[in-house]
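Descriptive analysis of the structure
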Amino acid sequence: MKFLGLTFFEKDSVDQYLGVLVPLAQASRHPTVAAEYARRRSAEGRSEDGSPAEKKMEGKGSEGDGEDGVLRTSSAGYSPYTIEGLRAEVHEDASSGGHDTAYDLKSKVINKAIQDIGMGKYNWELFVLCGFGWFADNLWLQGVALTLPSLQEEFGVAETTVRYTTCSLFIGLCIGASFWGIGSDIMGRRIAFNMTLFLAGVFGIAAGAAPSWIGACALFAALGVGVGGNLPVDGALFLEFLPNASGGLLTLLSVWWPVGQLVASLIAWGFLGGNYAVDEGWRYFVYTMGAMTFVMFLSRFVLFHLYESPKFLLSRGRQAEAVAVVHGMAFKNKTTTWLTEEILNEIGGDPAVVADSTLSTKEIIRRKLSSFSSDRIGPLFAYKKLGWTTGLVWFCWVTIGMGYPLFNAFLPQYLARGTNSSGQTISSYETYRNYAITSVVGVPGSIIACYTVDIKYIGRKGTMAFSTMMSGIFLFLFTISADSDYQLAFSSLEAFFQNIMYGK
């Protein structure tokens, strides 16, 4: 597709990326991948009492082969860079995943090729562009909250009624998250990746010209449909191209979330802090955020060549393009890859012959919904301790889901009621200044969470438990006094631990 002389959504071909292909036998495995399979072989190579594997493997064929004679990764003759070695790895991975169709086997092969490419320029560019989605999500969550006092004053809406503005945004977010989460698997992640920010930018700019409160609510709901797709689409796309060795970057991606709040608060401080008339400030504020969102869309659409999801291409029978995407990623990362269509066909079968090498739209939806089936949820309650753990985690996220909007979506209104040392209500300038300070303090939280989750004896469980507890304590302390300095201190501390909680 061409527009203004630029080509968009061009189909990729391996002929565009010459010099990246190496023979399978000459390929080099990423160190972390090699370590993982060495760990598996070590675990399988010893019995429970620590004795050598020969006794444990007795009756399973020579050299550790399975009962059907198929090579295993624990076999003495196993080598990762042979067709049989790849087949052994793929079948072991597929057996634990619940699906073993030709499509699933080929998806595993492509994933292994991506792991061997490792982290590079393309992944870092994708980190920034996916970060735009997280940035825009919280930019608008906090941005709409910051407009509530102005909407109340301009349109004469009661303080309790104007809060339904955030409700309209959340309705759009729910619709967007549900639609784009499944839709991206049907229409392709590249379209969804671009359309989410496009819708948010267009309706965000339009919201600045809303003629009434109802009109503003409708436009905020419409932009919410776009913004709501950012987290599910961007997170899934980034994870698909992310090597396991760099898995911590998925946690670090959440740092864009508080940055979005920070930018919204700084812009609001300028436009809503008393420098403009009440019917102008919030409109300039929304125009600015809408324009920023649209610029982020243009950055994705015009300045960056996004490769389509190889798994989506496989599901649609476009195997050659899926291989070309992996070659393109290797080319951009200035490295090599061993993946070819011939290797995929050796592992999963020729698409012209094998019937289950693609997925229908119905099958894609069925697989998505199967995540909520009893077969997937039941094992989470397999025994008492695991059941309690599952229930507590669910309870934490339900309460977090309630507490976050109830506090953060209305924080500007809470701060606006703060009083100074004379007992007088603080000015608009002080309100938005305090909100900006709260946002600044919250930013380091996500960065710290990225490191604490990997610290021995702390990990994800310790990080989440401590940060959740501290967030709850500071939320309670925030309510004790109406003094603006007191509120600023505890809202800032709550924001810091809250972002650790989300970042973990």
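Here the structure is shown first, and the text comes after it.
Reference entry: report on the structure contained in this document. (Residues numbered from 1 in each chain as written. Predicted model: local features only at pLDDT ≥ 70, side-chain atom pairs only at ≥ 80, totals over all residues. Heavy atoms only, no water.)

1. What to know about the nonpolar core
Rules: The nonpolar core is taken to be a set of buried Ala, Val, Leu, Ile, Met, Phe, Trp, Tyr and Cys residues, with the residues joined through side-chain atoms within 4.5 Å. Only protein chains enter the accessibility calculation, which uses a 1.4 Å probe; a residue whose area is less than 20% of its type maximum is buried, one above 50% is exposed, and one in between is partly exposed. Between two residues, a contact is recorded if the distance between any of their heavy atoms is within 4.5 Å.
One finds L126, W140, F220, F285, W338 and L339 to be the most contacted residues of the largest nonpolar core, which totals 106 residues. Discounting chain neighbours no more than four positions away, the residues touching F220 are W140, V144, T147, L151, T165, S168, L169, A207 and V286.

2. Observations concerning a nonpolar patch on the surface
For clarity, the threshold we go by: Patch building starts from residues that exceed 30% relative accessible area and form no salt bridge, then joins like charges within 9 Å and nonpolar side chains (Val, Leu, Ile, Met, Phe, Trp, Tyr) within 5 Å. Per-residue accessibility takes into account occlusion by the displayed protein chains alone, with areas from the Shrake-Rupley method and a 1.4 Å probe. Any carboxyl oxygen of Asp or Glu that lies within 4 Å of a side-chain nitrogen of Lys or Arg is treated as forming a salt bridge with it. Where helices and strands are cited, they refer to DSSP runs of H or I of at least four residues and of E of at least two residues respectively, numbered from the N terminus.
A contiguous nonpolar patch, built from L380, F381, V393, W394 and W397 and spanning about 440 Å² of accessible area, is present on the exposed surface. Residue placement: W394 occurs in helix α19 (residues 384-408).

3. A few points about empty space enclosed by the protein
Applicable threshold: Cavity: a set of points on a 1 Å grid over the protein atoms alone where a 1.4 Å probe fits but cannot get out. Pocket: an open set with protein on both sides within 12 Å along at least five of seven lines, its lining residues, like those of a cavity, having an atom within 4 Å of a point. Grid points are joined across faces, edges and corners, and a volume is the space filled by probe spheres set on the points. Each residue is assigned to one class: nonpolar for Ala, Val, Leu, Ile, Met, Phe, Trp, Tyr, Cys and Pro, charged for Asp, Glu, Lys and Arg, and polar for all the others, Gly among them.
Scanning the model with the defined rule gives two cavities of 30 Å³ or more in all. In this structure, the largest cavity occupies an estimated 60 Å³ of space. Taken together, L141, Q142, T166, L169, F170, Y404, P405, N408 and A409 make up the full set of residues lining the largest cavity. Of all the secondary structure elements, the ones that give two or more residues to the lining of the largest cavity are α5 (121-155), α7 (164-187) and α19. Looking at the lining of the largest cavity, its residues break down into six nonpolar, three polar and no charged. Approximately 40 Å³ is the volume found for the second largest cavity. Across the lining of the second largest cavity, the residue classes break down as two nonpolar, four polar and one charged.

4. A short note on the packing of aromatic side chains
The cut-off we apply is this: Pairing of aromatic rings covers Phe, Tyr and the six-membered ring of Trp, with a centre-to-centre limit of 6.5 Å; geometry is then stacked below 30 degrees between planes, edge-to-face above 60, and tilted otherwise. Note on geometry: a ring has a charge over it if NZ (lysine) or CZ (arginine) is within 6 Å of the ring centre and within 35 degrees of the ring normal.
All told, the structure shown has 27 aromatic pairs when counted by the stated rule. Their ring planes at 15° and their centres at 5.5 Å tell us that F297 and F301 sit as a pair that is stacked. In this pair, F297 and F301 both sit in helix α13 (residues 278-301), four residues apart, roughly one turn of the helix. On the basis of relative accessibility, which here comes to 8%, the residue F297 falls in the buried class. Put simply, the rings of Y17, Y122, F241, F304, Y307 and F331 touch in pairs and so form one group of aromatic residues. One Lys or Arg, R300, reaches over the ring of F193 and ends 3.7 Å from the middle of that ring.

5. Examining unusual backbone geometry
Most of the time, phi is negative for any residue but glycine, and the peptide bond is trans. The backbone of K334 sits at a positive phi, close to 55°, despite the residue not being glycine. The exposure class assigned to K334 is exposed, which follows from its relative accessible area of 75%. Look at Y457: it is not a glycine, yet its phi comes out positive at around 75°. The residue Y457 is located in the loop between α21 (428-452) and α22 (459-478) in this model.

6. Concerning the packing of helix α12 (residues 256-272) against α21
Between two packed helices, what matters for the description is the angle formed by their axes and the separation of those axes. Put simply, the rule is: Comment: axis = line fitted to C-alpha atoms, over the contacting stretch for helices; angle = value between 0 and 180 degrees taken between N-to-C directions. Any angle that falls under 35 degrees is termed roughly parallel, while one over 145 is termed roughly antiparallel, one within 65 to 115 roughly perpendicular, and all others oblique. In this scheme, a crossing is called left-handed if the near helix is turned counterclockwise away from the far one by less than a right angle; it is called right-handed if the turn is clockwise.
For the pair α12 and α21, the least separation of the axes is 8 Å and the interaxial angle reads 165°. Classed by the angle they form, the pair α12 and α21 counts as roughly antiparallel. The chirality of how α12 crosses α21 is left-handed. Here P258, V259, Q261, L262, S265, L266, A268, W269 and L272 of α12 lie close against α21, whose contacting residues are S428, Y429, Y432, R433, Y435, A436, S439, V440, G442, V443 and S446. Within the contact of α12 with α21, the residues separate by chemical class into 13 nonpolar, six polar and one charged.

7. Regarding the side chain of N194
Relative to the assigned elements, N194 resides in helix α8 (residues 189-207). The exposure class of N194 is buried, given its relative accessible area of 5%.

8. Observations concerning the environment of L386
With respect to the helices and strands, L386 occurs in helix α19. Residues in contact with L386, not counting those within four places in the same chain, are P379 and L380.

9. Here we look at the pattern of salt bridges
The final tally for this structure, using the stated rule, is eleven salt bridges. For the salt bridge of R366 with E363, the shortest nitrogen-to-oxygen distance reads 2.8 Å. Pair noted here: R366 and E363 are both in helix α17 (residues 361-369), with a separation of three residues, about one helical turn. According to the relative accessible area criterion, R366 is partly exposed, its value standing at 45%. Salt bridges sharing common partners tie together E159, R163 and R417.

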